Amino acid sequence: MTDDKAYRWIGSSPVRPDGIDKVTGHAAFGADRSLPGMLHGLILRSPHAHARIRSIDTSAADRIPGVLAIVTGADFPDVSAAMEEAGESQIDVRDLARNVMARDKVLYHGHAVAAVAATTTTIAEEALRAIKVEYEPLPAVLDIDSAMAEDAPLLHEDLRTKGLADTPQRGSNVATGGTFTPGDLEAGFAAADVVIEREFSTPTVHQGYIEPHAVVAECRSDDQATVWCCTQGPFVVRTLTSKVLGWDVSSIKVIPSEIGGGFGGKTTIYLEPVAILLARKSGRPVKMVMSREEVFRATGPTSASRVRIKLGASRAGKILAADAELKYEAGAFKGSPITPGCMCVLVAYDIDNFRITGYDVLVNKPKVAAYRAPGAPMAAFAMESMVDELAHKLGLDPIRFRLANAVREGSRAAYGPKFPPIGLVSCLEQAARHPHYQAPLDPNQGRGVAVGFWFNVGMQSTATLNVQEDGTATVVTARPDIGGSRASMALMAAETLGIPYERINAVVGDTEMAGYCDVTGGSRTTFATGMAVIQAARDVVDQMRRRAAKIWNVDPDQVEWRDGQAIPTVALATEQSVSPLDFAALAKSAAKTGGSFVGRASLTAQGAGAGFGVHLCDVQVDPETGKVDIVRYTAIQDAGKAIHRAYVEGQMQGGAAQGIGWALNETYVYDARGIMENPAFLDYRMPVALDLPMIDTVIVEVPNPAHPYGVRGVGETPIVPPLAAVANAVSDAVGVRYCDLPLSPPRVLSGLMPAAD
């Protein structure tokens, strides 16, 4: 499906601007930066999941030749509690500071305790071994049930649960709790002919980005710092680092490198404040690069979850009532994605009577970070599994049942607003007609379907478009390119200016070179930053129209812009015929006619279009081993308008691959002491090429009316349906409903054992 507008560049798939540099090794990533006289920084991390720090003795490490700086929590200022924007969510700056470097307690295995900077990594490692830390081990809580128990050990004695009717007087590991109940829940269930209820769980999983966190920091004698790092947002790094250090934002310049993946995990900070303090203390630049083990142990995974769903429906196939209770692990500090989880859990369906309850629960694990549609996959796993089971109990086709209850334009979302044009119904109809859904299945095979949703975000974006004298244009924004945003920015600029895509150069700027731009995340970049680029391009077009009007001595309203040219709309007061002035001609004559053309735009984007997708999954289950193989997979999604079609397909395929890994194998494995036992890709089992079929894609285009080209974000939605699509397929294959992920061979086999008996 597509809209009926004809575009020259929008919707094509040209070669990516950064492609050659990346495949030839010329692109500079975080760890590629080196400076003269640079030191190497390493972090000493806690061997305990929960313990008081009685003392830290760095004297022996200080005496090692080649050690030039050591910092501990005592070197950081005491930061007051205050909420600050951090990408798609908010974070308490006091919590962030204590996550960057522990103070009186360590709260997870791998929590940073001290850091050293030395002339070589070997010397830095020796210094870490020489630091003596006296710990008082404390009991650790490693799961939601243990953390919420009445007698649970407390991570933070001063934490009181917010969001309840009465403020608790005693401490808790539950940071927030709240309930939203529109409609008449009891009446809805009373009217239902079929009522089902189950509880589901998902494990702690990591984003699995290829590039580990890396930073180089340089600090001048006047406390002006420059930071090179791999990040999804240089301005967020600048803001959060300045808050943790107690510095002015103007004293920190952040230069983003190329980034080897993020998926939300690089929208916060870990190393940056530490590197700056080491650089200031030593008087030399400091480079810090995490090992893969450190990435797993000490950076934000996403939440483990427990979600209970109760659904009631009529025999005719109408969902009459829903009760959802979500509990998400936040890690060692508050701030799980419980709010978006609650927003997304019921949103795909038009249900009058429902209740949604959510809890943000602290455990002795790393503080969670965003992971592609944070909170939504866990909620969808539970809800879509229940919708699937309800359809089967009613004897209804799973897609037709979803169509009968699907939200559409004018429906009110579970979290409040009415939907403008959306593509859920179109996606479901495409799924029902797709050859995949009609294909026969072999023995021991099953088919699953699931719906996914992400609300998408707008946030702040700034763009500058500089026109060069040779008729090319440079687009400057400060949003790192993770999923092809250079190409999408260039395509929208080319379409708006009416010049070839190849004449546009898209540049990622730093915090001094470019205007403020929020993170590359939340599926906001092509929508929001693209909107700024379009406005900057329109600014240039308006300047060129006015310049042409000045040259022709007519009113600007008598000049139109068409196909990259200024064209007079009235007869000119001259006997000579006048040709249109094209983009290149105006650019070439700029110096003589009034100066260079520079377009600018800064905005807080409104109207982010909700994103819906439907996934189909076929699996083969080995009844003797429990091994699950994905034999066919189709991802269908409403993109609003696909700016770069190949990139949209890549986003859909990538999200599906990550969700499949989450469903089948990925999980943090902890021992009883809270120590992660699989902190490497060898043991943390992510899908590889041999684990996946070619993932088919269908791009549905229901234009978002709030965007000039109809864009709605596409990066988040694809990871939402796979957990449930895979689980529903396995249930279809073996006749057993699985409620806990991952569906590893031992778990699948254990579910089959009663049936075998």
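Above: the structure in question.
Residues numbered from 1 in each chain as written. Predicted model: local features only at pLDDT ≥ 70, side-chain atom pairs only at ≥ 80, totals over all residues. Heavy atoms only, no water.

Details of the side chain of R238
What counts is decided by this rule: Per the convention used, a helix needs a DSSP run of H or I reaching at least four residues, while a strand needs a run of E reaching at least two, with both numbered from the N terminus. Only protein chains enter the calculation, and the probe is 1.4 Å; a residue is then buried if its accessible area is under 20% of its type maximum, exposed if over 50%, and partly exposed in between. Here the positive residues are Lys and Arg and the negative ones are Asp and Glu; neither His nor the chain ends is included. The rule for a salt bridge is simple: a side-chain nitrogen of Lys or Arg has to be within 4 Å of a carboxyl oxygen of Asp or Glu. We call two residues contacting when some pair of their heavy atoms lies within 4.5 Å.
Inspection of the secondary structure assignment puts R238 in helix α7 (residues 234–245). In this structure R238 is buried but unpaired, with E512 as the nearest side chain of opposite charge at 7.3 Å. Among all residues touching R238, those that are not within four sequence positions of it are V249, I252, V254 and T511.

Observations concerning the packing of α7 against helix α8 (residues 272–282)
Cut-off, in case you're wondering: As a rule, the C-alpha atoms of each element are fitted with a line to give its axis, helices using only the stretch in contact, and angles between N-to-C directions run from 0 to 180 degrees. With respect to orientation, any angle under 35 degrees is reported as roughly parallel, any angle over 145 as roughly antiparallel, any angle of 65 to 115 as roughly perpendicular, and every other angle as oblique. Less than a right angle of anticlockwise turn of the near helix away from the far helix marks a crossing as left-handed, whereas a clockwise turn marks it as right-handed. Just so you know the grouping, Ala, Val, Leu, Ile, Met, Phe, Trp, Tyr, Cys and Pro go in nonpolar, Asp, Glu, Lys and Arg go in charged, and all remaining residues, Gly too, go in polar.
Between α7 and α8, the shortest axis-to-axis distance is 9 Å and the interhelical angle comes to 60°. With respect to α8, the axis of α7 lies oblique. Considering the relative orientation of α7 and α8, their crossing is right-handed. Across from V237, T241, V244 and L245 in α7, the residues of α8 making contact are E272, P273, I276 and L277. When its residues are assigned to classes, the contact of α7 with α8 shows six nonpolar, one polar and one charged.

A look at the pattern of salt bridges
Summed over all chains, the structure comprises 44 salt bridges. A salt bridge links K334 to D92, with the shortest nitrogen-to-oxygen separation between them at 3.0 Å. Here D92 lies in strand β5 (residues 89–92) and K334 lies in the loop between β16 (319–331) and α10 (338–344), a separation of 242 residues in the sequence. Classification of D92 as buried rests on a relative accessible area of 8%. Across the pair R220 and D222 runs a salt bridge whose closest N-O atoms are separated by 3.0 Å. Of the residues examined, D222 reaches a relative accessible area of 44% and is grouped as partly exposed. Through salt bridges that share partners, R16, D18, K22, E258, D481 and R486 make up one connected network.

Re the sheet that holds strand β20 (residues 473–477)
Rules: Two strands are said to pair when DSSP picks up at least two bridges between them.
Sheet architecture is open: four strands sit in the order β21-β20-β19-β25, paired in mixed fashion. A single partner strand is all that each edge strand has here, and the edge strands are β21 (504–508) and β25 (598–605). Sheet twist, expressed as the mean angle between neighbouring strand axes with direction ignored, is 20°. Across five bridges, the pairing between β20 and β21 is parallel. Paired with V476 across the two strands is V507, which belongs to β21. Along the sheet face, helix α15 (residues 485–497) touches β19 (459–467), β20 and β21 and points at about 140° away from the line of β21. Helix-sheet contacts for helix α16 (residues 525–552) involve β19, β20 and β25, and the interaxial angle to β25 is about 145°.

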